[in-house]
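Secondary and tertiary structure notes
Below, each chain spelled out in residue letters.
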Amino acid sequence: MERRHRTASLLMILLLFTPLVLTSCSEKITSAGGQEIDLCIDLASSGLDATVATTFILTVSGSGMKPMEETLLFSDGFLTGTVIVPAGPARLFRIEAFDGGGVLVYSGETVSDVEPGTAVTLSIDLYPRVQMVKVSPAYAKRPMGSMLPMEVKVFNIEKMSIFEGVLYNYGMITEDTYPMRGIELNPALKDIATLIYSVQTGGSVQFRVSHNFGGSLTDSNGYANLVTINIMTYFNDHVAELVNFYPGIQLIMDTEENIISPKDIYHENAQADLFFYTSSIVAEWNMGWGEGSEDPSWIEDTSPNLLHGTAEGTTILEGAYGNARYFNGYSDFIEVPDNDLLDLDEGITVAFWLDISDAYPVDAKQQLPGYFPTGTIISKRSENGAINYRISVENLSDADEFFSFLFTYGGSTTHTYRVDLPTWMLDGWNHYIFSYSFGDPSSALLVAFWDGPIAVPGAWISGDGTGVAPVTSGPLLMGKDNAEVPRYYSGGIDDVELFDSAFDIYVIERLYAW
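Rules of the game
Residues numbered from 1 in each chain as written. Predicted model: local features only at pLDDT ≥ 70, side-chain atom pairs only at ≥ 80, totals over all residues. Heavy atoms only, no water. Helix = DSSP H or I, 4+ residues; strand = E, 2+ residues; numbered from the N terminus. Buried < 20%, exposed > 50% of the residue type's maximum accessible area, 1.4 Å probe, protein only. Contact = heavy atoms within 4.5 Å. Areas by Shrake-Rupley, 256 points an atom, 1.4 Å probe, with all protein chains shown as cover. Salt bridge = Lys/Arg side-chain N within 4 Å of Asp/Glu carboxyl O. 1 Å grid on protein atoms, 1.4 Å probe; cavity = no way out; pocket = protein on both sides within 12 Å on 5 of 7 lines; lining within 4 Å. Points joined across faces, edges and corners; volume = space filled by probe spheres on them. Nonpolar A, V, L, I, M, F, W, Y, C, P; charged D, E, K, R; others polar. Pairing = 2+ DSSP bridges. Axes fitted to C-alpha atoms, helices over the stretch in contact; angles between N-to-C directions. Polar contact = N/O pair within 3.5 Å; in protein donor to acceptor, adjacent residues only side chain to side chain. Phe/Tyr/Trp six-rings, centres within 6.5 Å; stacked < 30°, edge-to-face > 60°. pLDDT = per-residue confidence, 0-100.

It is worth spelling out the overall build of the protein at this point. Helix and strand counts for the protein come out as one helix and 36 strands. The buried share of the protein, reckoned over its 514 residues, is 53%. Residue pairs at least 24 apart in sequence account for 67% of intrachain contacts in the protein once pairs closer than 6 positions are excluded. Total accessible area on the protein is roughly 22,600 Å²; 50% of this is exposed by carbon and sulfur atoms.

For the peptide bond that leads from Ser136 to Pro137, omega is 5°, which places it in the cis range. Turning to its location among the elements, Pro137 is positioned in the loop between β9 (132-136) and β10 (139-143). The backbone of Lys159 sits at a positive phi, close to 55°, despite the residue not being glycine. Lys159 gets classed as exposed once you look at its relative accessible area, which sits at 53%. Positive phi, close to 55°, is recorded for Arg487, a residue that is not glycine. Of note, Arg487 is situated in the loop between β35 (476-478) and β36 (490-499).

Pairs may arise between side chains of opposite charge once their charged atoms sit close together. Inspection of every chain in the model, using the stated rule, returns 14 salt bridges. Its salt-bridge partner being Arg142, residue Asp504 comes within 2.9 Å of it at the nearest N-O pair. Residue Asp504 is located in the loop between β36 and α1 (505-512), and its partner Arg142 is located in strand β10; the two are separated by 362 residues in the primary sequence. Of the residues examined, Asp504 reaches a relative accessible area of 23% and is grouped as partly exposed. Given the relative accessible area of 24%, Arg142 is considered partly exposed. Between Lys153 and Glu151 there is a salt bridge whose closest N-O contact spans 3.4 Å. One network of salt bridges, in which partners are shared, links Arg381, Arg390, Asp481 and Arg487.

What follows covers empty space enclosed by the protein. Under the definition given, this model contains one cavity of 30 Å³ or more. By volume, the largest cavity amounts to about 40 Å³. Going through the elements one at a time, β29 (402-410) and β30 (414-422) are the ones with two or more residues in the lining of the largest cavity. Considering every element that reaches the lining of the largest cavity, the biggest residue donor is β29, with three residues. Counted by class, the lining of the largest cavity contains eight nonpolar, no polar and no charged residues.

What links the strands of a sheet is backbone hydrogen bonding, and the strands pair in either a parallel or an antiparallel sense. Pairing in this open sheet of five strands is mixed, and the strands run β13-β16-β11-β9-β18 from one edge to the other. The open sheet is flanked by β13 (180-185) and β18 (266-268), the only strands paired with a single partner. Between one strand axis and the next, the sheet turns through 15° on average, direction left out of account. As paired elements, strand β11 (residues 147-155) and strand β16 (residues 224-232) share eight bridges and run antiparallel to each other. Within β16, the residue paired with Val154 across the bridge is Ala224.

Mapping Val496 onto the fold places it in strand β36. In sequence terms Val496 and Leu354 are 142 residues apart; their C-alpha atoms lie 9.7 Å from each other.

Among the secondary structure elements, Arg390 is positioned in strand β28 (residues 387-394). A distance of 2.8 Å separates a polar atom in the side chain of Arg390 from a polar atom in the side chain of Asp481. In this view, Arg390 contacts Thr376, Ile378, Ser379, Arg381, Leu406, Phe407, Thr408, Asp481 and Arg487; residues no more than four positions away in its chain are not counted.

A separate point is the packing of aromatic side chains. A complete count under the given rule lists 20 aromatic pairs for this structure. Judged by centre distance (6.4 Å) and plane angle (75°), the ring pair of Tyr409 and Trp460 falls under edge-to-face. Taken together, the residues Tyr409 in strand β29 and Trp460 in strand β34 (residues 459-462) connect sequence positions 51 residues apart. Taking relative accessible area as the criterion, Tyr409 reaches 0% and is therefore assigned buried. Members of the aromatic cluster, each reached through a chain of ring pairs, are Phe407, Tyr409, Tyr417, Phe434, Tyr436, Phe438 and Trp460.

Before going further, it helps to spend a moment on the confidence of the model for the protein. Looking at the protein, the pLDDT average stands at 81 and 80% of residues meet or exceed 70. Overall, residues 1-32 carries pLDDT values under 50, and its contacts beyond four positions in sequence, including any with other chains, amount to 116 contacts. Every residue in residues 360-372 is under pLDDT 50, and counting partners more than four places away or in other chains gives 22 contacts.

Positionally, Thr233 belongs in the loop between β16 and β17 (240-254). For Thr233, a relative accessible area of 0% gives the class buried. Between the C-alpha atoms of Thr233 and Arg142, which are 91 residues apart in sequence, the distance is 8.3 Å.

What follows is the structure in structure tokens.
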């Protein structure tokens, strides 16, 4: 079983400690042709308090050079040190971390060429070398109200047949909070192991994983990922909350039913920085008649950004909340002038209400000059060019069992995500929220509301969702697309909210479950 830990990517030198977060403070080129690198390793943000490993040593060796060793110093949450690495091929970089008794706790190594004047980037996986129980990730940052999955893993415990333990947390639980949202057995163990668990007073989770046939839960190296405990963080008035997680051992037995003493097993804890979610709203168009204006074509943005729009046509009607806009399907649309705030390249969340009950009447489908079997809800793109983001609907027919939502973005490669919904949702006002973190295909999420928010599964039908989002110069349009084929929308739209980050289902539940 492959062991993988937290990774990062840094510019000058990256020494990837698990669970440490490392940065390079500076770099100098020495007159002797070596590479002088000042190391600055941030322990504080990694969640490690330097109690498991207290001494960290970096060694560098290779052909034509004298092996060198540097002890990294710990101060104020940082490890620091400087090494001068002579230029040459195949330099071996090795990291060793020792506890207070001189026991080697972690080690890892990698080989890299070092060229004068060229930045060095290293990636070193640092593995436990002792018997250890750890919580992963060692450090996480999550908004309150979202899910926090914590994995419990064991290392170097050979022939383990039973593990019984507890995951404690401090700093998160209140009297009115029930944070545990389920515990899952590692899928790799599901055919051989049994999981039982219970939630204890104070929010700790007690669990027992046992091998059904008396065999070993661990692989040949004594490693196993046992369980994932899903914890629901909570909302309160705090700006930030630091939560500590501690694994406790109650019983470990090997395949011969011998008890393995917990005192011989190291513990590695974890931390989570939980923060109250403050949404980065881009705009909120209520689609009615803007306050302070007698012009029915004025579309007010009630957010602080004041990205107002102008309606071409459209009819004001009663919406889900207050007034809304009806689009005729062949000439009506809303235009918001281009603005840098509308160019989204990290994440996007769009919330909107639709009423498609009167969309595209059968006797008009062949007559509407702008009719296309895809109607655009919102679009930001260059004319006939790159698409920053577009949400549209298609298959709007009572004869079909489903209609579809499409999210599209891309330049030379177009990525399209489709979600199918039952046609009964065409009737009346219905609320939808789409979110996506650009480049992460698994993050695409459409939430529809019936008896509460429901995450509806979808799939990428073109591209794969791994591409970057192009920044576009065109205006933001609602009700049509900025392309040769305009894809006009027919139906009602109300209360469109646009955010520059992706919400997960748990944040959506908290913000929109009303």
